[in-house]
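Structural features, examined
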Amino acid sequence: MSVEGPSGEWRPSSLPPARNPLLRDATSSVSTYCRICEAACGLIAELDDNGRLHRVRPNASHAHSRGFACNKPQAMVDLTYDPDRITTPMVRTGGPGAFSPVTWEEALDRCAAGLADVRDESGPAALAVLRGNPPFFDSGGVLWGRGFATALGIERTYTVNAEDAAARLTANEALYGAINRFPRPDLWHTDLALIIGGNPLHARSTRLSEPQTREAFDAIVARGGRVLVVDPRRTVTAERYEHISLRPGTDPWFLLGVCHVICAELSGAPDHGTPLAGWSEFAHLVAGLDLVECAAGCGVDPATLVDVGRAFLTASSAVTYGGTGTCAQRFGTLTNILLDTVLALTGNIDRVGGMLAGWAAIDLTGGRAAAPSGTRRTRAEGRPEVGGSLPSAGLAADILEPGDDRVRGLVIYGNNSVLSSGGGGERLEEALSRVDFAVGMDLYVNETNRFAHVLLPVTTMFERSDYPLTTADTQLRPSAYATAAVIEPRGEARDSWWIFDEISRRMGLGGSCPDPELAATAAARGARPTPVELIDRLLAQGPVDDLTFADLVDRHPNGVALRATLPPGRLTHDLPTPDGCVQLYSEQLRSEVGRLFAHAEPDAEWPLRLIGRREKGSQNTWMHNASRIYPDDYQFAALIHPDDAVACGVSDGEEVRLTSRVGSVVVPAAITEDIRPGVVSVPNGWGHRGGSWQRANAIGGVNTNDLVDPCDVEAVAGMSILNGVPIRMERAADS
Ligand SMILES: Nc1nc2c(c(=O)[nH]1)N[C@H]1C(S)=C(S)[C@@H](COP(=O)(O)OP(=O)(O)OC[C@H]3O[C@@H](n4cnc5c(=O)[nH]c(N)nc54)[C@H](O)[C@@H]3O)O[C@H]1N2
Ligand SMILES: Nc1nc2c(c(=O)[nH]1)N[C@H]1C(S)=C(S)[C@@H](COP(=O)(O)OP(=O)(O)OC[C@H]3O[C@@H](n4cnc5c(=O)[nH]c(N)nc54)[C@H](O)[C@@H]3O)O[C@H]1N2
Ligand code: SF4
Ligand SMILES: [Mo]
């Protein structure tokens, strides 16, 4: 047992696998929830007599998901028992990926010594965390990860936000004065929804936690409203509603055109009650635009811009819903600013049926204002930190560039940047091989953590307790729920929070609980503070009375509905802008519009544009080992339009070579009318090599981020430009 002395001083001893304190007694079915994506859907987990999980199904009575769940959690059951999963701590005994099992005792001591050596020699500035997407859904890991960084003095956390939503955060800053003024589209009460660069019928929801996206959009149409889908591909979402096809990376032309139409019809400054600054400058800017040029700039018909502009003017309420396609592109911040501008002009900010601020039983930001973007930057390339995240694409240079603060010690926490980052691939592999000490925490050996010196097996979502800490305040119909672990951890897998706690204790830094008061109280009784205790404290500080973790688990297995809608008035209340107004003509807008006007598309040399694709059931780089999702006859393919197929003489199923300024890949082509001419769509997150996931390695595929120029990034948020990548295509056989 690990032993804590009365003073909280801690002495290591042998470490048997910790039984989760909240593990339920084995009954045939228990309520839990899914932590694969932001929707965080309620599930019923069915266990057999031996306590083995064999099936999960949607929870029809769940307050949040109301009977929705996709096919991924069932695949996650398979992955939990996947023989390729790592279930014992390991140390590297050879080249990348060559690991041998050790005891927890040895693994943790090595981590403490490795990180302490770097810290002693070069100071905490040489330590960094590289965090991926899955840890976002692990509440204990979120909380204790923060405490770990504080304990070790780690100031640099690289994440995948600059491949995901950082541009939305910089847009919040430009419009509302702070990153954490985050508008959520009130889908359930609106009459017009513009979905842009998102595919919510497949990907479910991003930047909001809404399982029932289809029901919400269908209901808009049913009450006589409209749902418009702006996407270069006819996705399942586009097919179901009104599709507007545009050229990738040109969204600002589309939105400026829409604003031109709106402003032309307004007789003066809009007076909807929301305080707006910069109206006359913005109106002047868009009045100077030619609608035909805007339409040509994005490849749509001018009549479409007029129709969309009028739709916003006449709708009794309206929202815009932007996905990753609006962020990970050349004009990510500008596109996201304009998405809200359309709504600000038409009176749809901070009202029911428009954009509203989130509300939850726990407000994780605790009312604290996040540091302005760019306060900190990557050391070598000066890319901005946004909302506490440095771009993962900046890590390679920060490892390689000599200097006292070069990254020498790294925690690779549920991240696979070699495949997921715009600055991944060989350059990152080379950099990772130069790190003095790295520890990985994951379910698998992946393309990134195979460079770690120690690799630690973490629990899956079925093996750990959780509260939806990071997604609850993005719900549209706020509810509260929690889960205990439903099965014992497989093998020696452990919770991330416990690992963070152990390493910092072994370094003599007193543990990783982020709440000093809780840490002190626990130490006084000789105990280790737990995430459940901290979540209880956070619930007690929140707006809902008498809510505890144990109550939610035991008495509210289907969750508790807290509100039918988000409260209006909070998004623009006491705005932290200089004049207290929403900014229509921010510095960011001005500089980005200037860049847009100056930008020339390199069509002559690179006539086509590459975009990504999320397939049904996939999850970024990591669910590819699931045979339920990727059966033996799965075909990895680039979608190309028949016109482009004819132009390069390729037939269906034949291989094409896609070449950009920086790289080249060969992929089988699937010819389809569903993609816009001039655009090629390839699934992202593939190109497996060297991970422990054998099925994924066998499917292989290619990694399209090899075509992404790591030195060419979006100007404000430092987004990797993953969509709209200029490429050319030829028959592989001819190349
Ligand atoms: N071209 C292109 N690239 C993209 C995107 C795109 O649209 N196009 N999308 C971007 C986006 S939005 C994202 S979020 C990123 C994702 O990028 P990453 O976060 O780097 O990759 P993931 O595949 O989500 O998962 C990383 C690792 O987490 C592990 N993992 C799974 N569950 C857990 C867990 O519970 N705990 C821990 N510790 N680890 C776990 C998986 O095994 C995997 O090895 O990719 C980005 N990259
Ligand atoms: N099945 C599945 N679901 C997932 C994931 C997954 O990997 N698989 N990943 C999860 C994660 S981490 C996230 S962040 C969310 C993402 O959620 P979404 O952003 O809704 O998901 P995507 O399918 O990437 O949608 C992006 C859309 O933008 C389009 N697009 C590309 N370039 C442009 C452009 O320049 N302009 C416009 N207007 N559109 C463009 C693409 O064709 C695509 O349809 O999904 C989550 N859910
Ligand atoms: S939509 Fe997301 S949270 Fe819901 S079941 Fe599917 S993967 Fe899980
Ligand atoms: Mo994401």
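Residues numbered from 1 in each chain as written. Chains lettered and ligands numbered in written order. Predicted model: local features only at pLDDT ≥ 70, side-chain atom pairs only at ≥ 80, totals over all residues. Heavy atoms only, no water.

Considering the overall build of the protein
- Each helix and strand counted, the protein has 22 helices and 29 strands in total.
- For 735 residues, the compact-globule formula gives about 27 Å, and the C-alpha radius of gyration of the protein, at 25 Å, lands near that figure.
- The principal-axis extents of the C-alpha atoms in the protein amount to approximately 75 × 65 × 55 Å.
- The buried share of the protein, taken over its 735 residues, is 61%.
- In the protein, the proportion of contacts linking residues at least 24 apart, taken out of those at least 6 apart, comes to 76%. (Helix = DSSP H or I, 4+ residues; strand = E, 2+ residues; numbered from the N terminus. Rg over C-alpha atoms; globule rule 2.2 N^0.38 Å. Buried < 20%, exposed > 50% of the residue type's maximum accessible area, 1.4 Å probe, protein only. Contact = heavy atoms within 4.5 Å.)

A word on the site of ligand 1
- What surrounds ligand 1 is a group of 29 residues, the closest being Asn133, Ser420, Asp442, Thr621 and Asn705.
- Take Asn416: an N or O atom from its main chain is 2.8 Å from an oxygen atom of ligand 1.
- Trp622 is positioned with one of its backbone polar atoms (N or O) 3.5 Å from an oxygen atom of ligand 1.
- Burial of ligand 1 by the protein chains amounts to 96% of its free accessible area of 910 Å².
- Broken down by secondary-structure element, the contributors of at least two residues to the shell around ligand 1 are helix H14 (417-420) and strand S19 (437-442). (Near = heavy atom within 4 Å. Polar contact = N/O pair within 3.5 Å; in protein donor to acceptor, adjacent residues only side chain to side chain. Areas by Shrake-Rupley, 256 points an atom, 1.4 Å probe, with all protein chains shown as cover.)

Concerning the packing of aromatic side chains
- Counted by the stated rule, this structure contains 14 aromatic pairs.
- Each ring, one from Tyr634 and one from Trp686, has its centre 5.5 Å from the other, and the planes form 20 degrees; the classification is stacked. Taken together, the residues Tyr634 in the loop between strand S24 (608-611) and strand S25 (638-640) and Trp686 in the loop between strand S28 (679-681) and helix H22 (694-699) connect sequence positions 52 residues apart.
- Taking 5.8 Å as the distance between ring centres and 65 degrees as the angle between the ring planes, the aromatic pair formed by Phe636 and Trp686 counts as edge-to-face. Taken together, the residues span a long stretch of sequence, with Phe636 in the loop between S24 and S25 and Trp686 in the loop between S28 and H22 at a distance of 50 residues. This pair shows no difference in class: Phe636 is buried, exactly as Trp686 is.
- Members of the aromatic cluster, each reached through a chain of ring pairs, are Tyr630, Tyr634, Phe636 and Trp686.
- Sitting over the ring of Tyr81, Arg52 keeps its end group 3.8 Å from the ring centre.
- In this arrangement the basic side chain of Arg563 is found over the ring face of Trp359, its NZ or CZ atom lying 5.6 Å from the centre. (Phe/Tyr/Trp six-rings, centres within 6.5 Å; stacked < 30°, edge-to-face > 60°. Lys NZ or Arg CZ within 6 Å of the ring centre and 35° of its normal.)

Concerning the state of the cysteines
- Counted under the stated rule, the structure contains zero disulfides.
- For the unlinked cysteine Cys327, the closest cysteine sulfur is that of Cys37, found at 17 Å.
- Since its relative accessible area comes to 0%, Cys327 is described here as buried. (Disulfide = S-S within 2.5 Å.)

As for the nonpolar core
- By size, the foremost hydrophobic cluster in this structure holds 192 residues, and its most contacted members are Phe254, Leu456 and Leu658.
- Here this core gets nine residues from one element, more than from any other, and that element is helix H8 (residues 251-265).
- Discounting residues that sit within four places of it in the chain, Leu456 has contacts with Ile86, Pro89, Trp104, Ala107, Leu108, Cys111, Val439, Gly440, Met441, Asp442, Ile499 and Ile503.
- Core analysis: the next-biggest nonpolar cluster, separate from the first, contains 19 residues, Ile412, Leu428, Val435 and Ala452 among them. (Core = buried A, V, L, I, M, F, W, Y, C linked by side-chain atoms within 4.5 Å.)

Observations regarding the site of ligand 3
- As a matter of local geometry, ligand 3 sits amid Cys34, Ile36, Cys37, Ala39, Ala40, Cys41, Phe68, Ala69, Cys70, Lys72, Pro73 and Arg204.
- Looking at the shell around ligand 3 residue by residue, the classes come out as ten nonpolar, no polar and two charged. (Nonpolar A, V, L, I, M, F, W, Y, C, P; charged D, E, K, R; others polar.)

A few points about the sheet that holds strand S5 (residues 53-58)
- Taken together, the three strands give an open sheet; going across it, the order is S3-S4-S5, and neighbouring strands pair in antiparallel fashion. For this open sheet the edge positions go to strand S3 (29-33) and S5, each flanked by a neighbour on one side alone. Sheet twist, expressed as the mean angle between neighbouring strand axes with direction ignored, is 30 degrees.
- Where strand S4 (residues 42-47) meets S5, five bridges bridge the pair, whose relative direction is antiparallel. Residue Leu47 lies in a different strand from S5, and its bridge partner there is Leu53.
- Relative to the sheet, helix H1 (residues 72-80) contacts S4 and S5, its axis offset from that of S5 by approximately 170 degrees. (Pairing = 2+ DSSP bridges. Axes fitted to C-alpha atoms, helices over the stretch in contact; angles between N-to-C directions.)

What to know about the domain arrangement of the protein
- In terms of domains, the protein is made up of domain 1 (1-173 + 375-567), domain 2 (183-357 + 579-594) and domain 3 (600-731).
- Here domain 1 and domain 3 have C-alpha centroids that lie 30 Å from each other.
- Interface of domain 1 and domain 3: buried area, both sides summed, is about 3,000 Å²; carbon and sulfur atoms make up 55% of it.
- The interface formed by domain 1 and domain 3 holds two salt bridges in total.
- Residue Glu429 is joined to Arg689 by a salt bridge in which the shortest nitrogen-to-oxygen separation is 3.6 Å.
- Counting every contact that joins domain 1 to domain 3 gives 19 residue pairs in polar contact (both at pLDDT 80 or more).
- Residue assignment for the side of domain 1 that touches domain 3 shows that the elements contributing at least two residues are H1, helix H4 (166-176), H14 and helix H15 (425-432). (Domains from an automatic or database assignment. Buried area = accessible area lost by both parts, 1.4 Å probe. Salt bridge = Lys/Arg side-chain N within 4 Å of Asp/Glu carboxyl O.)

Quick notes on the pairing of strand S26 (residues 655-659)
- Taken together, the five bridges between S26 and strand S27 (residues 664-671) define a ladder with antiparallel strand orientation. Across the sheet, the residue bridging to Val656 is Val667, located in S27.
- Sheet topology places S26 next to strand S29 (residues 725-731); four bridges connect them, and they run antiparallel. Considered in S29, the bridge of Thr659 is made with Arg728.

So, the sheet that holds strand S7 (residues 99-101)
- In space, the eight strands of this open sheet follow the order S7-S6-S20-S19-S18-S8-S9-S17, with mixed pairing throughout. In this open sheet, the two strands that pair with only one neighbour each are S7 and strand S17 (390-391).

Comments concerning the packing of helix H3 (residues 139-152) against helix H16 (residues 496-506)
- It is the contact of H3 with H16, at a shortest axis distance of 8 Å, that shows an interaxial angle of 15 degrees. The pairing of H3 with H16 is recorded here as roughly parallel in orientation. In the packing of H3 onto H16, the handedness of the crossing is left-handed. In contact with Gly140, Gly141, Trp144, Gly145, Phe148, Ala151 and Leu152 of H3, H16 contributes Ser496, Trp497, Phe500, Asp501, Ile503 and Ser504. (Parallel < 35°, antiparallel > 145°, perpendicular 65-115°, else oblique. Left-handed = near helix turned anticlockwise from the far one by under 90°.)

Overview of helix H9 (residues 279-287)
- Looking only at H9, the buried set comprises Trp279, Phe282, Ala283, Leu285 and Val286. When H9 is viewed along its axis, its buried side chains cluster within an angular range of 160 degrees and face the same direction. Those residues of H9 that are exposed and angled more than 90 degrees off the buried face are His284 and Ala287.
- For H9, the elements touching its buried residues are H8, strand S14 (276-277), helix H12 (332-345) and helix H20 (587-598). (Arc of directions from axis to C-beta.)

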